[in-house]
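Per-entry structural report
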Amino acid sequence: MRKMGAGMPVAGKASPSKSTAGATPAGVHASDDLGLCLYSTPPDVEVSVREFEEFTRDRLRILHVFDRLCSYESRLDNIGELRPKVVKELVESRLLLEYPSGLDSDTYVSRKAEFARRDAVSHFALRLAFCKTREAREWFVRNEQRLFMLRYDALSREAQEAFIARSGLKCRKFDTLNGGKELGINFHEIQHATPAAKIFRGDGKAPDWDPNFYLMPFYEVDPKLIASRKVIIVGGKAFVPSAALKLILAKRFKDALVASLEQAFQGLPTALSDPRIGSFLRDLQDYGMQLLVAPKAASEDVGEVLSLENFEELMVRSFPPCMRRLVEKQREMKKHLKHAGRLQLRPFLKDCGFTMEDSMKWWKKEICIDPQIDAASFEKNYTYDVEHAYGKKGHLQGQNCFGCPKIIGFPAESAGQVHGCPFKTLDMPALKQQMHKWKVSERHVLEMEKLVAHGSHYQLACIEYFKAGHSGHEGDGVGNSPGDFFRRSCGYHVQKREKEAASAAGGSPTK
């Protein structure tokens, strides 16, 4: 595939085989920017279609990691605390570059150049994919800003100052020794009047004070920083501690990215019409915000499968909300599920262990609750769908369980219909009523409300539902598909029974 645009600032690459964690900058690399840039110019590089898709998927996975960890209330000035949690994914995606040690300094330049290529291509590709709707733009900007701040925090002090100088910010470092005398101010008072200048070490001792302040015109500073006293204004000049300066830099990055998305939108029709990348970009537009939120759960036997005998127990204990609601609503309304609801539920029951005979018996019993449907009507109108799901009719390939992105994308319910993801479909009062009916604790219900209301994190809300019913489980492997939810739940309860049995055996009196 041919180049994506004009040249860009040089950036870098992380090596998954040679980790330089802990390396400190020295000599010629002391002020190196580790590939950090503002993405002001598209990359002038050649990439294959395979590389284009690979680079983009890897970056999107990183953005989803930030979205999952940061949730709705994370602060940018604390983003560096996430580094231990995301470094593994960054290395695997080759979107991490660290200062070279003595062993790999000879290859640093080539690694950085390759990183620049991967980083820029993936960033500009996602601009195209996420420029269509307001919600997609906000999601993309929010998580790109977090990635930018994490990288900025990883720079040495010298590199940070060099990057700020190149960024175009109208600021200069304040000379704490002679600057106060020149301006006729007491730097000690300025420093101690700025809460953002406190540096907490985490050892319970009194905080230190940031000795690094920058002078800026007050109109270059976000008014929110002034209102929160993170910045002090004296004589029309803003005294900005380094902790607040990076927030100003982050806002500049955000503002530039927001403006660039409008430009990307103008070029979107051309990109979508390209037969090499058009379909890939459309998939990202449709499903990019609901891609995998956790490692995919293993599909091996967990020691328990769904059957007619254990259906009632497992429905309450191990069904995800989207499937449990379908079963309960059909019984409550005494009306058969409409096409979309049956299409959603049928392959899930198959995926959980129902044989075709089990499915036929179950559907006949449940659908015939509707007084308008008798056994003859069921045989005529509904048996084909069950046989089709198991590959006995139609194209003979069977039907696979839908994943969470597909279910979230189901059309809205109309009168008499029940389908889709309840975290998206139901309004908040109805959702809370449903959770209380299922005896979900208020603490978890409030967390679900925040996840849905602040960012439409439907899959994370489902993980919270899982955690509410599975004490001590962090929800790993849940949130990708209803089948993963069911298998994780069954595995959890199988292990729980085994532990209880072992504990009982260990505690029994010796004969």
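1. What about the nonpolar core?
Counting 72 residues, the largest nonpolar core has Phe-130, Val-240 and Leu-281 as its most contacted members. Among the elements that take part in this core, helix H9 (residues 242-272) stands out by supplying 13 residues, more than any other. Non-local contacts of Phe-130, meaning those with residues more than four positions away in its chain, are made with Leu-60, Ala-136, Arg-137, Trp-139, Phe-140, Gly-288 and Met-289. One finds Phe-311, Trp-362, Leu-431 and Met-435 within the second-largest nonpolar core, a separate group that totals 52 residues.

2. Topic: the confidence of the model for the protein chain
When pLDDT is averaged along the protein chain, the result is 84; 87% of the residues meet or exceed 70. Per-element averaging of pLDDT across the protein chain places helix H6 (residues 179-183) at the bottom with 59 and helix H11 (residues 311-318) at the top with 96. Contacts for the low-pLDDT stretch residues 5-23, under 50 throughout, to residues beyond four places or in other chains number 63 contacts. Counting interchain partners and residues more than four positions distant, the pLDDT-below-50 stretch residues 292-297 has 21 contacts.

3. Quick notes on unusual backbone geometry
Of note, Leu-34 is a non-glycine position whose phi angle comes to about 55°, a positive value. With respect to the helices and strands, Leu-34 occurs in the segment before helix H1 (49-70). In this model, Leu-396 sits at a positive phi of 65°, which is unusual for a non-glycine residue. By relative accessible area, which is 57% here, Leu-396 ends up exposed.

4. Looking at the pairing of strand E6 (residues 237-241)
Most of E6 is tucked away, with four of its five residues classed as buried. The sheet contact formed by strand E4 (residues 213-217) and E6 spans five bridges and is antiparallel. For Phe-213, the partnering residue across the bridge sits in E6 and is Pro-241. Relative to E6, strand E5 (residues 232-234) runs antiparallel, the two sharing three bridges. Following the sheet pairing, Ile-232 is matched in E6 by Phe-239. Between E5 and the antiparallel strand that follows it, E6, lie two residues; Gly-235 among them carries a positive phi value of about 60°.

5. Section: the side chain of Asp-58
Summarising the element assignment, Asp-58 is placed in helix H1. Overall, the relative accessible area of 10% leaves Asp-58 in the buried class. When sequence neighbours within four positions are dropped, the list of residues in contact with Asp-58 reads Ser-93, Leu-95 and Arg-118.

6. Topic: the side chain of Ser-359
With respect to the helices and strands, Ser-359 occurs in helix H14 (residues 356-367). Once you skip the residues sitting within four places of it in the chain, Ser-359 turns out to touch Phe-354, Val-386 and Tyr-390.

7. With respect to the packing of helix H12 (residues 321-333) against H14
At a minimum axis distance of 10 Å, the contact between H12 and H14 shows a crossing angle of 40°. By the angle between their axes, H12 is oblique relative to H14. From H12, Val-327, Gln-330 and Arg-331 reach across to H14, where they touch Trp-362, Trp-363, Glu-366 and Ile-367. Across the contact of H12 with H14, the residue classes tally to four nonpolar, one polar and two charged.

Conventions we followed
- Residues numbered from 1 in each chain as written.
- Predicted model: local features only at pLDDT ≥ 70, side-chain atom pairs only at ≥ 80, totals over all residues.
- Heavy atoms only, no water.
- Core = buried A, V, L, I, M, F, W, Y, C linked by side-chain atoms within 4.5 Å.
- Buried < 20%, exposed > 50% of the residue type's maximum accessible area, 1.4 Å probe, protein only.
- Helix = DSSP H or I, 4+ residues; strand = E, 2+ residues; numbered from the N terminus.
- Contact = heavy atoms within 4.5 Å.
- pLDDT = per-residue confidence, 0-100.
- Pairing = 2+ DSSP bridges.
- Axes fitted to C-alpha atoms, helices over the stretch in contact; angles between N-to-C directions.
- Parallel < 35°, antiparallel > 145°, perpendicular 65-115°, else oblique.
- Nonpolar A, V, L, I, M, F, W, Y, C, P; charged D, E, K, R; others polar.

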